[in-house]
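Spelled out from the first residue to the last, the chains are:
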Amino acid sequence: MPPAEETRRRSPSDYIFGKVLGEGSYSTVYLAKDVHTNKEHAIKVVEKAHVIREKKTESVMREKEVLRILGNSCPYFVRLYWTFQDTDRLYFVLSYAKNGDVLGQIEKHNRMSIDCTRYYLAELILGLEYLHSKNIIHRDLKPENLLFDENWHLLITDFGSAKIISTENGRSVEESSIGEPEKGERCKRRNSFVGTAQFVSPEMLTETQSSHASDLWALGCIAFQMACGRMPFIGGSEYLIFQKILKLEYAFPDDFPREIKSLVEKLVVLEPSKRLGASDERRYSSLREHEFFAMLNWDDLGPPPRLS
Ligand code: ATP
């Protein structure tokens, strides 16, 4: 039997709220301490009125549902401990990512070392194996959404753009969103895209179906950025970035590490089914077997290398 404290409902009075950790487009995230356990959490506070006004109800519901499905079975995701609400706000009690995000580290060191790139891509791949086994596509993977926990392990976050795929006869079918988009949101989607311009896959732009392979495209873009410090597709506007993505117009800098190049080339591929791993019978054996990971023990990645 769990202790009584773990089963009863929670409320804001169970936490001491501290500094603001960050702001999202419809939320504020606070550092907070559980008064019963002294454990630190990040609490995401969402103003109900703001969410309704911005037609983001679907996204908030989806994030909660995905975090609920993920539970605590895989260490590479932010964990949702509790949710509660008062008249005006929703509260999500999350694991506290004490050490910032991958983007912060890339910016601090101009890039990631090869050892760090290998290690954190491996944690990301293990996370994706789990996520995709649950038929969830993230759709907004990028270095800012890869946080570090207190021991410098990866915590994948931000499931507001995620999609839960339903399966029929073992085949994935489009598309099971949690909750219906509000009026206006569906219309807006036709002319917009899900995710972040620099990491969005070509099929998500041309409005054919997104799939697990869309996350593999983003994985390739993240590998590129970790290894050389900048994103593969950059441009003065979203339109120009999209044009480059659709034409696969990107170039490796001269000093790009040779070991990682072929991994990127095999992931950043226009045709989704041709991306490394996309057609694996056993996810993601072909990624695990790529030469860049040859020295890695996938059953025990060991402690993270020093970030540099
Ligand atoms: P948007 O809602 O616009 O997509 P977002 O996804 O970054 O933005 P939030 O998830 O509300 O929005 O997060 C806002 C900020 O709070 C983040 O950028 C990050 O700096 C911080 N943050 C979010 N979750 C955590 C966490 N679990 N631990 C530590 N800091 C966090």
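No experiment lies behind these values; they were computed from the predicted model shown. (Residues numbered from 1 in each chain as written. Predicted model: local features only at pLDDT ≥ 70, side-chain atom pairs only at ≥ 80, totals over all residues. Heavy atoms only, no water.)

Topic: the confidence of the model for the protein chain
Okay, step 1: The predicted model of the protein chain averages 90 in pLDDT, with 89% of residues at 70 or higher.
Okay, step 2: Under a pLDDT of 50 for its full length, residues 173–191 has, in the predicted model, 35 contacts with residues more than four places off or in other chains.
Okay, step 3: Both confidence scores are given for the complex: pTM 0.91, ipTM 0.97. (pLDDT = per-residue confidence, 0-100. Contact = heavy atoms within 4.5 Å.)

Focus: the packing of aromatic side chains
Okay, step 1: In the structure shown here, the tally under the stated rule is 18 aromatic pairs.
Okay, step 2: Considering the side-chain rings of W217 and F233, the 5.6 Å spacing of their centres and the 10 degrees angle between planes classify their relative orientation as stacked. You can see W217 sitting in helix α8 (residues 212–228) and its partner F233 sitting in the loop between α8 and α9 (238–246), a full 16 residues away along the chain.
Okay, step 3: A ring pair is formed by F224 and F252, whose centres lie 5.6 Å apart and whose planes are at 35 degrees; its orientation type is tilted. One end of the pair, F224, is in helix α8; the other, F252, is in the loop between α9 and α10 (258–267), with 28 residues separating them in the sequence.
Okay, step 4: Here a set of aromatic residues connected by ring pairs shows up, and it is made of W217, F224, F233, Y250, F252 and F256. (Phe/Tyr/Trp six-rings, centres within 6.5 Å; stacked < 30°, edge-to-face > 60°. Helix = DSSP H or I, 4+ residues; strand = E, 2+ residues; numbered from the N terminus.)

Concerning helix α5 (residues 114–133)
Okay, step 1: Its 20 residues give α5 an end-to-end C-alpha distance of 28 Å, which sits within 8% of 28 Å, the value for a rise of 1.5 Å per residue.
Okay, step 2: Buried residues dominate α5, accounting for 17 of its 20 residues.
Okay, step 3: After α5 finishes, the residue N135 shows a positive phi value of roughly 60 degrees. (Expected span 1.5 Å × (residues − 1). Buried < 20%, exposed > 50% of the residue type's maximum accessible area, 1.4 Å probe, protein only.)

What about the pattern of salt bridges?
Okay, step 1: If you walk through the whole model with that rule in mind, you get 13 salt bridges.
Okay, step 2: Between R89 and D86 there is a salt bridge, and its shortest N-O distance comes to 3.4 Å.
Okay, step 3: Here R89 falls in the partly exposed class, since its relative accessible area comes to 28%.
Okay, step 4: Exposure remark for D86: the relative accessible area of 26% places this residue in the partly exposed category.
Okay, step 5: When the shortest N-O distance is used, the salt bridge between E129 and R288 registers 2.8 Å. Here the residue E129 occupies a position in helix α5, and R288 occupies one in helix α11 (residues 285–288), the gap between them amounting to 159 residues.
Okay, step 6: Since its relative accessible area comes to 23%, R288 is described here as partly exposed. (Salt bridge = Lys/Arg side-chain N within 4 Å of Asp/Glu carboxyl O.)

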